[in-house]
Amino acid sequence: MREADAIHPGPALTAARSLSDYFPSLKGTPGDTPVYVYAGATEGGNVLIIGGTHPNEPAGFVTSVMLIENIRAVRGKIVIVPQANASGFTHSDPQEGSPQRFPIATAAGQRWFRLGSRVTNPIHQWPDPTIYVNPTGQTLAGIEARNLNRAYPGKAGGNLTEKVAFGIMELIKKERIDLGIDLHESAPEYPVINAIVFHENSADLAATAQMELQAEGFEFRLEASPPNLRGLSHREWGDVAGIRAILMETPNASHGRLKGKPSVELIIDGKDKFYEKAARLGRLFVPFGPDGIPLKNRVARHLAGLKAVLSGLKELDPGKAVEVEDLPPADRVRVEGIGAFLR
Amino acid sequence: MDMHRPAEIILTILFFGLIAGSYLAAQTPPPPVFEQPLLVTSAGQSSGDAQIALQLAKRAALAATLSKTGTGKDLENQKTLVLVLGASMKGLGSAGLDTNKEKERIRELVAEAKKKNIPILAMHLGGGQRRGELTDEIINEFLPAAKMAIILKSGNQDGLFTKICKAKDIPLIEVDKSLDAVEPLKKIFKR
Ligand SMILES: [Zn+2]
C-alpha cells in the first residue's frame, strides 16, 4: 500500500474527518481524502479551502498543508481539503518524466510532498470514454472524465471523479460553507495566471481582494468565470451550491509545455532556461527571469491571496467574517521558505 | 513575479489644461465636478475592472450602480457616467457581444449622456496587461468624450492617455495603485 502523505495538524485543529464522512459511498475508495476543520469560538462564516484538485500543481497542496499546520480559527470556520483528488496523487502523468515527490527542509528534518497527475489514476477509473459528457451535460475530451475540475457538481452514482466532486458538494452543504476557494497553478504560457477567477456572485469580493493585493505588491488578474464553461468549481459551487466561489492560479513552470528537463529543482526553484527564452520572446503571461518562480513565492502568493479574500469577506459581509490567526505571512514565507512554517 | 514596491504610496496628480489659470500647482486637488449617482459600465466588457471601479466608488462613499450592458435608457436619474476602458475578448464572448456591437453600445451611451448633459469620467484600471489593439481602439474612440480620467500609471507607459488628454484638455489623474483612486474620487464628486 502507498504511504499517505504526512500532514501534521497544529494544536488548533477542531476535527479531522474524511470526505467519506460527508458522502459515505467514497469510504474505502481511492477517492476518499482527509478533511481538516478549524472552528473559532465566535460565530462567523464558513470557508472551504481546496488544494490538490490538480495534483501536478504543487503550490495549492503545499499551501493547504501550511494552513493545516499553522492556523487557528478565531471566528467562523475553515474547512481544508489539501488533496482533493487523492487518486491523482497516486500516479504521475505518462511520458512526462516528472519526479514523483519533492523535498522541503524543515527544522524537524526533511519532509516529502507528492507530485501527482492532473487527473485521477486510470487504475482507479478506466477506461476513458471517447467523449466525456460531464454532470452538467457539457461534452469534453475523454480524458477530462478524470479531471476533478470538470466534474462538478458531481454525481452520486457517477465515476470515481464525479463521486469525489459530489462528496465536495455534500461537504459544502453539510458544513454550510459560504465561500469556497480552489487553489491551482497554471503554466506560464497560459493566459489565466496570477489570477483570481471568480463566480459572478463573488465579483465584489474578488475586486476588493485584488485591490488589497495590488497595494501589497502582488499583481493579480481578475478573471470572470465564463457562464458557459461548466463543471468547474468556480462555476458549479456558485450555480448549484449557491456559495461564493473563487479560484486562484499561480505560475508553475514544472507543468508547462515549454519546460526543459523535469526535475525536483524545477518544482522547488522554478528556474528554466526555455521559459526564460519564451519570456524574452514575449510568449508568456508572467515575467520569467533567471531567478525563475520558486515554489515558496507561489505559495506566498496563495497565502497573500487567501488573506486578502478573507479580509474582503469581512468587509463586504461582516456577518460571514472568518478570522484566523497564525496564517503564515507571505513576506516571511518568501524570505524564510516553506519549511519554516511546517512541523 | 512578486512585484515589490515601496510601501509608501506615491500619488501623482497631473492636470492638463484645466480651465486655464485656475490651477497653478499640479498637486492642487480638482474641484468637485461630478455629481452622484453614477452609472459604471465597462467599455469593452472587462468585468473585473468595472467591478474594481464600483468598489472604489463605494469606498469613496459614492452612490454607484454597475451596469454590464447598459444603454442610454439606464442614464435616467444618473448624474455621471463612468466608462471603465478595457477590452476583454472573454468578457465580450460571455456577454454575447462582438467588438462592433460593444462599440455601438458605448457610442449610443455616450451620445445619450451628451444629450442629457451627463459628464463622463473615464477610468483604466487594468494596467499594462489591459492594453492591446482592441483596448487601444476603445481608448482612442471614447477617452476624448471624457471630462476627466483616472488611470493606473502602469497602463500609461507609452503615454497614450497623456497624449489624448493633453490634446483634448482632459484632466488626467494617474495613480500607482487602484486604491489610491479613492481620495481623488472623493474630491471630484460633490457630496
Ligand atoms: Zn489546476
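Predicted, not measured: the structure shown is a model, and the values here were computed from it.

Q: I would appreciate a short explanation of the interface of chain A and chain B in the present structure.
A: Interfaces are often sized by the accessible area lost when the parts come together. Each partner contributes residues to the interface: chain A has 31 residues there, and chain B has 20 residues. Both sides of the chain A and chain B interface together cover about 2,100 Å² of buried area, and 55% of this is carbon and sulfur. For chain A, the biggest contributors to the area lost against chain B are Met211(A), Gln214(A) and Glu219(A); these three give 27% of the whole. At the boundary of chain A and chain B, one finds two salt bridges. A salt bridge links Glu315(A) to Arg59(B); the nearest nitrogen and oxygen atoms lie 2.7 Å apart. Mapped onto the side of chain A that touches chain B, the elements with two or more residues apiece are helix 3 (203-215), strand 11 (221-224) and helix 7 (295-316) of chain A. If you tally residues by element for the side of chain A that touches chain B, the top one is helix 3 of chain A, at nine residues. Of the residues contributing to the side of chain A that touches chain B, the split by class is 17 nonpolar, six polar and eight charged.

Q: Any chance you could explain the environment of Met66(A) here in plain terms?
A: Residues and elements named next belong to chain A. Relative to the helices and strands, Met66 resides in helix 1 (residues 58-70). Residues Met66 and Gly339, spaced 273 residues apart in sequence, show a C-alpha to C-alpha distance of 9.1 Å. When neighbours within four sequence positions are excluded, Met66 is seen to be in contact with Val299, Leu303, Pro328, Val333, Ile338, Phe341 and Leu342.

Q: In this structure, what is going on with the packing of helix 1 of chain A against helix 7 of chain A? I would like to understand it.
A: Helix packing for two helices is described by the angle between their axes and how far apart those axes are. All names here are of chain A. Viewed as axis vectors pointing N to C, helix 1 and helix 7 meet at an angle of 60°, and their least axial separation amounts to 9 Å. It follows that helix 1 is oblique to helix 7 by the angle criterion. The crossing of helix 1 and helix 7 is right-handed. The segment helix 1 lies against helix 7, with Pro58, Ala59, Gly60, Val62, Thr63, Met66 and Leu67 engaging Leu295, Arg298, Val299, His302, Leu303 and Leu306. In terms of residue class, the contact of helix 1 with helix 7 is built from nine nonpolar, three polar and one charged.

Q: Hey, could you run me through the coordination of the zinc ion in this one?
A: Tetrahedral coordination by four donors places them ideally at 109.5 degrees to one another around the metal; octahedral coordination by six donors ideally gives 90 or 180 degrees. Residues and elements named next belong to chain A. Protein-derived coordination of the zinc ion comes from His54 (ND1), Glu57 (OE), Glu57 (OE) and His184 (ND1), at a distance range of 2.1 to 2.3 Å. For the zinc ion, the four donor atoms in the first shell make angles of 59 to 153° at the metal, a pattern classed as irregular. Mapped onto the sequence, the donors of the zinc ion take the spacing H-x2-E-x126-H. In this pair, His54 is assigned in the loop between strand 3 (42-50) and helix 1 and His184 in strand 9 (residues 179-186), connecting sequence segments 130 residues apart. Taking the relative accessible area as the measure of exposure, His54 reaches 4% and is therefore buried. Accessibility expressed as a relative area gives 2% for His184, which makes it buried.

Cut-off values and rules
- Along each chain, the written sequence defines residue order, and numbers are assigned to residues from 1.
- Here the convention is simple: chains get letters from A, ligands get numbers from 1, in the order in which they are written.
- Totals for whole chains, interfaces and linings use every residue, but because this is a predicted model, local features are given only for residues with pLDDT of at least 70 and side-chain atom pairs only at 80 or more, for both listing and counting.
- Side-chain measures here rest on the full set of heavy atoms in the structure, leaving out hydrogens and waters.
- Residue contacts are defined here by distance: any two heavy atoms, one from each residue, within 4.5 Å place the two residues in contact.
- Simply put, the buried area is the total loss of 1.4 Å probe accessible area from both parts when two parts are fitted together.
- Think of a salt bridge as a Lys or Arg side-chain nitrogen and an Asp or Glu carboxyl oxygen that are within 4 Å of each other.
- We count a stretch as a helix when DSSP gives it H or I for four or more residues in a row; a strand needs E for two or more, and each element gets its number in order from the N terminus.
- Amino acids are sorted into nonpolar (Ala, Val, Leu, Ile, Met, Phe, Trp, Tyr, Cys and Pro), charged (Asp, Glu, Lys and Arg) and polar (every other residue, Gly among them).
- To define axes, lines are fitted to C-alpha atoms, for helices over the stretch in contact only, and angles between the resulting N-to-C directions are given on a 0 to 180 degree scale.
- Working rule for angles: under 35 degrees goes down as roughly parallel, over 145 as roughly antiparallel, 65 to 115 as roughly perpendicular, anything else as oblique.
- Take the far helix as your reference; a near helix turned counterclockwise from it by less than a right angle gives a left-handed crossing, and one turned clockwise gives a right-handed crossing.
- Because no water is among the atoms considered, metal sites can look incomplete, with donors defined as N, O and S atoms within 2.8 Å of the metal, or 3.2 Å for Na, K and Ca.
- Only four donors with every angle between 85 and 135 degrees are called tetrahedral; only four or six donors with opposite donors over 155 degrees apart and all others between 65 and 115 are called square planar or octahedral, in that order; all others are irregular.
- Each residue is placed in one exposure class: buried if its accessible area under a 1.4 Å probe, protein chains only, is under 20% of its type's maximum, exposed if it is over 50%, and partly exposed if it falls in between.

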